[in-house]
Amino acid sequence: MIEKIHHIGIAVHDLDKALRFYRDTLGLHVHASATVEEQGVKAALLTIGQSEIELLEPLSPESPVGRFLERKGEGLHHICFQTPDVGSELEELKKKGVELVDQQPRRGLAGMICFLHPKASRGVLVELATPIE
Amino acid sequence: MATFKRIDHVVIATEDLEDAARLWERNLGLKPDASLDRPRGAGFMVSRIPVGDAFLELVQPVSQRGRFYQQFRERGEGMFSISIEVEDLDGAVAYLQEKGARVSQAEPGIWPGSRVARVSHASAHGVSIQLIERSMQ
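Because the structure is a prediction, the values reported are computed rather than measured.

Parameters at a glance
Residues numbered from 1 in each chain as written. Chains lettered and ligands numbered in written order. Predicted model: local features only at pLDDT ≥ 70, side-chain atom pairs only at ≥ 80, totals over all residues. Helix = DSSP H or I, 4+ residues; strand = E, 2+ residues; numbered from the N terminus. Rg over C-alpha atoms; globule rule 2.2 N^0.38 Å. Contact = placed C-beta atoms within 7 Å. Pairing = 2+ DSSP bridges. Axes fitted to C-alpha atoms, helices over the stretch in contact; angles between N-to-C directions. Core = buried A, V, L, I, M, F, W, Y, C linked by C-beta atoms within 7 Å. Buried ≥ 20, exposed ≤ 12 C-beta atoms within 10 Å, placed from the backbone. Nonpolar A, V, L, I, M, F, W, Y, C, P; charged D, E, K, R; others polar.

Asks: Which parts of the structure should I look at to understand the overall build of chain B?
Replies: In terms of regular secondary structure, chain B is built from three helices and eight strands. Taking 2.2 N^0.38 as the reference for a compact globule, 137 residues should give roughly 14 Å; the C-alpha atoms of chain B span a radius of gyration of 15 Å, in line with that estimate. Each principal axis of the C-alpha atoms in chain B carries an extent, and together these give about 45 × 30 × 25 Å. Considering only contacts in chain B between residues 6 or more positions apart, those separated by 24 or more positions represent 51%.

Written as structure tokens, this is what we have:
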């Protein structure tokens, strides 16, 4: 079951510059920021209503977000939906033969997460997340 | 300063609205609750899928004219823009322009009771942002 849009991921070259617009101009509150070495990103999460905007700066050009920037430039990167149980959601997707990036849930910035392959949604990179309390 | 309240919707561009809707339902059980064919003379069809307090809008160009088609041709299928709800659209436009952002003039939206303006992607790190004011829900 999908509860809501958890966040929208935006790929940027420079997190500090992007914060000048999303935090300082739009006035959105930064509720977390983190460097996640294994995903190759520096990230900031900004609250907007019941959802978040996740700004992602790559740690290297070879990281997934680095390659996205190289190919497409800055902009919308992925959409994440909140579900109460990412594990059972993933099992259902496997049964239906949906193309996936992750075969098992893993720890991410939004909690336990997994990514579907963009092919599964006609070019949209979809993440599912179950927040950890 | 203006208040940017919530994500109202996310626009997803597609070549095949019917197939895109089928995939969103198959993958996540999300279904459209409303559709418009060429609203306000625009060159696209749109289906709206409710999710939480927001919507996905699947948009397929059906004419080779117009702003949507031009951008679609450059960028292809996928996430296209996000729409952020504001209380006071004219105030939000004036505020952002004063901050140096490129923002279009307000105009009626495609859904009844909405007014919208567009913030240039050049002002928002590559993201096309629509501002939307809803006078009725």
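Asks: Hey, could you run me through the sheet that holds strand β4 (residues 54-61) of chain B in this one?
Replies: Strand pairing in a sheet takes place through backbone hydrogen bonds and is either antiparallel or parallel in direction. Residues and elements named next belong to chain B. Within the open sheet, the eight strands sit side by side as β2-β3-β4-β1-β5-β8-β7-β6. Their pairing is mixed. Unpaired on one side and paired on the other, β2 (34-37) and β6 (107-108) mark the two borders of the sheet. With five bridges joining them, strand β1 (residues 4-13) and β4 adopt parallel strand pairing. Note that in β4 the partner of Val10 across the bridge is Leu56.

Asks: So what exactly am I meant to see when it comes to the sheet that holds strand β1 (residues 4-11) of chain A here?
Replies: Residues and elements named next belong to chain A. As summarised here, the arrangement of the eight strands in space is β2-β3-β4-β1-β5-β8-β7-β6, forming an open sheet in which the pairing is mixed. At either end of the open sheet lies a strand with only one pairing partner, and these are β2 (29-36) and β6 (106-108). Here the average twist between neighbouring strands, direction ignored, is 30°. The sheet contact formed by β6 and strand β7 (residues 111-115) spans three bridges and is antiparallel. Looking across to β7, one finds that Arg107 is bridged to Met112.

Asks: Could you clarify how one ought to interpret the nonpolar core in this entry?
Replies: Nonpolar side chains in soluble globular proteins tend to be buried together. With 76 residues, the main nonpolar core has Ile8(A), Ile10(A), Val10(B), Ile12(B), Val59(B) and Leu131(B) as its most contacted residues. The biggest single contributor to this core is β1(B), with six residues. In contact with Leu131(B), not counting residues within four places along its chain, are Ile84(B), Val86(B), Leu89(B), Ala92(B), Val93(B), Val116(B), Ala117(B) and Val119(B).

Asks: Explain the interface of chain B and chain A to me, please; I cannot follow it from the model alone.
Replies: As a measure of interface size, the accessible area lost when the parts come together is often cited. Of the residues lining the interface, 33 residues belong to chain B; the matching set on chain A comes to 32 residues. Of all the secondary structure elements, the ones that give two or more residues to the side of chain B that touches chain A are β1, α1 (17-28) and β5 (78-86) of chain B. No other element matches the seven residues that α1(B) contributes to the side of chain B that touches chain A. For the side of chain B that touches chain A, the class distribution of residues is 17 nonpolar, nine polar and seven charged.

Asks: I'm lost on the pairing of strand β4 (residues 51-58) of chain A in this one. Help?
Replies: Consecutive residues of a regular strand have side chains that alternate between opposite faces of the sheet. Residue and element names in this part refer to chain A. Within β4, eight of the eight residues are buried, leaving the element largely enclosed by the surrounding structure. Here β4 shows two buried faces, one formed by Ser51, Ile53, Leu55 and Glu57 and the other by Glu52, Glu54, Leu56 and Pro58. In terms of strand pairing, β1 meets β4 through five bridges, oriented parallel. Within the sheet, the bridge partner assigned to Ile8 lies in β4 and is Ile53. Sheet analysis places strand β3 (residues 41-48) next to β4, joined by eight bridges and oriented antiparallel. In the strand pairing of β4, Ala43 is matched with Leu56.

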